[in-house]
Amino acid sequence: VVDGNEMFEIHGPDVSIPAMQLDRILQKHGFGTRKGCRSLIRNERVAVNGVICDDPFREIETKDLIFTVDGVDWPYCEQASLVLNKPQHHPSVLTLLPIPLRERDVQPIGRLDEDTTGLLLITDDGQLNHVLSSAKRKVPKVYLATTKHPLDQAQIDALLAGVVLNDEPGPVFAAAAEIAGECLLRLTVTEGKYHQVKRMVAAVGNR
């Protein structure tokens, strides 16, 4: 789905309930209360696999289901996970999403600072969120950071050896670090501490 300059994709695991009432399907996908969803259906604003359905209590097979609300197609997803290219200086990435997805209570996995752009995962799958964000899992995250001053090998070595950050009990290590340009650092971390990349770069004498 493309919204302006932002791109996001909807994915869900191949797990579905065999059949469900149409009003419950709409409610599950964030289209309002059961009463509101019934009104949408009765007003012939909902189609199932291309065919208008005005019976909110009709049992619908959910496997491979695509339903349409006001002309927009929605694949049935037991859980929703999105890949979003976060723009810079945007107050909240969730405002970029269609209202039904926000109503599903999808949440970012981790976060990116306001002045940072890049790939962000968003999901309503609590187990997936835990697996990818848990510090024990050490899932690598790769950043390209533009620095104020030219980089040198001494700074790279210090990042790999571990740097001390304020309010942290021990040194914080880069999983990988390399000079990608005179003032461009490719840094891989496996934690998600507050402003971690900025603080690590500052700890080696750069900004």
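Since the model is a prediction, treat every value here as computed from it, not as a measurement.

Asks: Report on the side chain of Ser 81, specifying residues and quantitative values.
Replies: Tracing the chain through its elements places Ser 81 in strand β9 (residues 81-86). The buried category is assigned to Ser 81, whose relative accessible area is 17%. Polar side-chain contacts of Ser 81 include one of 2.8 Å to the side chain of Thr 123.

Asks: Give me the lowdown on the layout of surface pockets, citing residues and values where you can.
Replies: Any empty space left between the atoms is revealed when a probe the size of a water molecule rolls over them. A volume near 1100 Å³ is recorded for the largest pocket. Along the walls of the largest pocket sit 38 residues, with Arg 111, Leu 112, Thr 116, Tyr 143 and Val 197 positioned nearest its centre. Element by element, the count of residues in the lining of the largest pocket is highest for strand β12 (residues 141-146), at six residues. Across the lining of the largest pocket, the residue classes tally to 17 nonpolar, 13 polar and eight charged.

Asks: How would you summarise the pattern of salt bridges if you had to cite specific residues and measurements?
Replies: Applying the stated criterion to the full structure yields eleven salt bridges. A salt bridge links Glu 178 to Arg 186, with the nearest nitrogen and oxygen atoms 3.6 Å apart. According to the relative accessible area criterion, Glu 178 is partly exposed, its value standing at 41%. Arg 186 sits in the partly exposed class, given a relative accessible area of 31%.

Asks: How would you sum up the sheet that holds strand β4 (residues 46-48)? Please name residues and give values.
Replies: Sheet architecture is open: four strands sit in the order β5-β4-β7-β8, paired in antiparallel fashion. Sheet topology places β5 (51-52) and β8 (72-75) at the edges, where each strand pairs with a single neighbour. In terms of strand pairing, β4 meets strand β7 (residues 66-69) through three bridges, oriented antiparallel. Directly across from Val 46, in β7, lies its bridge partner Val 69.

About the thresholds
- Residues numbered from 1 in each chain as written.
- Predicted model: local features only at pLDDT ≥ 70, side-chain atom pairs only at ≥ 80, totals over all residues.
- Heavy atoms only, no water.
- Helix = DSSP H or I, 4+ residues; strand = E, 2+ residues; numbered from the N terminus.
- Buried < 20%, exposed > 50% of the residue type's maximum accessible area, 1.4 Å probe, protein only.
- Polar contact = N/O pair within 3.5 Å; in protein donor to acceptor, adjacent residues only side chain to side chain.
- 1 Å grid on protein atoms, 1.4 Å probe; cavity = no way out; pocket = protein on both sides within 12 Å on 5 of 7 lines; lining within 4 Å.
- Points joined across faces, edges and corners; volume = space filled by probe spheres on them.
- Nonpolar A, V, L, I, M, F, W, Y, C, P; charged D, E, K, R; others polar.
- Salt bridge = Lys/Arg side-chain N within 4 Å of Asp/Glu carboxyl O.
- Pairing = 2+ DSSP bridges.

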